[in-house]
Amino acid sequence: TAKDRWSLAPDALLSATACVIVCAPVLGVVVMSGHRANRHKADRHRTDQSVTSSVLTFGAAVSMFTLVSALLTIGWRFGQGDALAFAARSHITLAAVAMALAAWGAVCGLWFRNAMDAAGVSLLTTLVAAGGLLLGGTFSAELPRSLVATGLIASPLVAVSSASQIDLFHSDVLYQISP
């Protein structure tokens, strides 16, 4: 039925967000590590081209992923009056989150000589930012309110959920996994 199809859109968007949280920082590391290998040979002009090429690579990957996700969301919500507005709002935020996480991965790719170290650090910090407070349970409740608010603002999962008007904090999944 249409109602069942409409209910798939938020779940699919959260799945796409989880994919972005895991894949975008690693993409950033991979792209930057490839450019870093050639950096010692490059002159200033080639370095500028390398940065431009990295940004274009991030942009192309994020655009393709976001476009496919948005089209699926529109398809699942077809028939609802707000399908286009929902898809635009949620996927613009998803694209911004993906670019920010890819940029974080690129920074880690520059900081660490070993690409595996960079991928590990970028992925670990991203996962902590995305779900640390949500999975912290009573420990998170004991933290100062301003720290919790800052952590929620920095969470890519909360950012996309909020833009999509998904009540993440009262979802069945969160209640099942949170201590």
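Chemist: So what exactly am I meant to see when it comes to the environment of Leu71 here?
Modeler: If you trace the backbone, Leu71 turns up in helix α2 (residues 44–76). Through-space distance from the C-alpha of Leu71 to that of His91 is 10.0 Å; in sequence the pair is 20 residues apart.

Chemist: Whenever I open this one, the nonpolar core confuses me. Can you help?
Modeler: Side chains of nonpolar character tend, in soluble globular proteins, to be buried together. Judged by nonpolar contacts, the single largest core of 21 residues is most densely connected at Leu13, Val20, Leu94 and Leu101. Where this core is concerned, the elements lending two or more residues are α1 (2–39), α2, α3 (83–111), α4 (115–135) and α7 (156–163).

Chemist: Help me understand the packing of aromatic side chains in this model?
Modeler: Geometrically, a pair of aromatic rings is defined through the distance of the ring centres and the angle of the planes. Under the definition given, this model contains one aromatic pair. Seen in terms of ring centroids, Trp104 and Trp111 are 5.7 Å apart; in terms of plane orientation they differ by 85 degrees. Their pairing is edge-to-face. Judged by its relative accessible area of 60%, Trp111 is exposed.

Chemist: Even after reading the chapter, I still don't get the confidence of the model for the protein chain, so can you show me in this structure?
Modeler: Predicted coordinates in areas of low pLDDT are best not read in detail. Per-chain confidence: the protein chain averages 77 in pLDDT, with 76% of residues scoring 70 or above. Per-element confidence in the protein chain ranges from a low mean pLDDT of 60 for helix α8 (residues 172–177) to a high of 87 for α4.

Chemist: I keep staring at the packing of α3 against α4 and nothing clicks. Help me out?
Modeler: When two helices pack together, their arrangement is given by the angle between the helix axes and by the axis-to-axis distance. Where α3 contacts α4, the axes come no closer than 8 Å and their chain directions differ by 145 degrees. Once α3 is placed against α4, the crossing between them reads as right-handed. Facing α3, whose interface residues are Leu101, Trp104, Gly105, Cys108 and Gly109, α4 presents Ala118, Val121, Ser122, Thr125 and Thr126.

Procedures and definitions
- Per chain, residues are indexed from 1 in the order of the written sequence.
- It should be noted that, the model being predicted, local features are given only for residues of pLDDT at least 70 and side-chain atom pairs only at 80 or more, the latter also being counted only at that level, while totals for whole chains, interfaces and linings use all residues.
- Calculated side-chain values reflect all of the structure's heavy atoms, with hydrogen atoms and water omitted.
- Starting at the N terminus, helices and strands are each numbered in turn, a helix being any DSSP run of H or I of at least four residues and a strand any DSSP run of E of at least two.
- Only buried residues count toward a nonpolar core, which is a set of Ala, Val, Leu, Ile, Met, Phe, Trp, Tyr and Cys residues joined through side-chain atoms within 4.5 Å.
- For every residue, the accessible area obtained with a 1.4 Å probe (protein chains only) is divided by the maximum for its type, and the residue is called buried under 20%, exposed over 50%, and partly exposed between those limits.
- Between 30 and 60 degrees the pair is tilted, below 30 it is stacked and above 60 it is edge-to-face, where a pair is any two Phe, Tyr or Trp rings, Trp via its six-membered ring, whose centres lie within 6.5 Å.
- Note on scores: pLDDT gives the predictor's confidence for each residue, bounded by 0 and 100.
- Axis definition: a line fitted to C-alpha atoms, over the contacting stretch in the case of helices. Angles run 0 to 180 degrees between N-to-C directions.
- Left-handed describes a crossing whose near helix is turned anticlockwise from the far helix by less than a right angle; the clockwise case is right-handed.
- Throughout, a residue-residue contact means that at least one pair of heavy atoms, one from each residue, lies within 4.5 Å.

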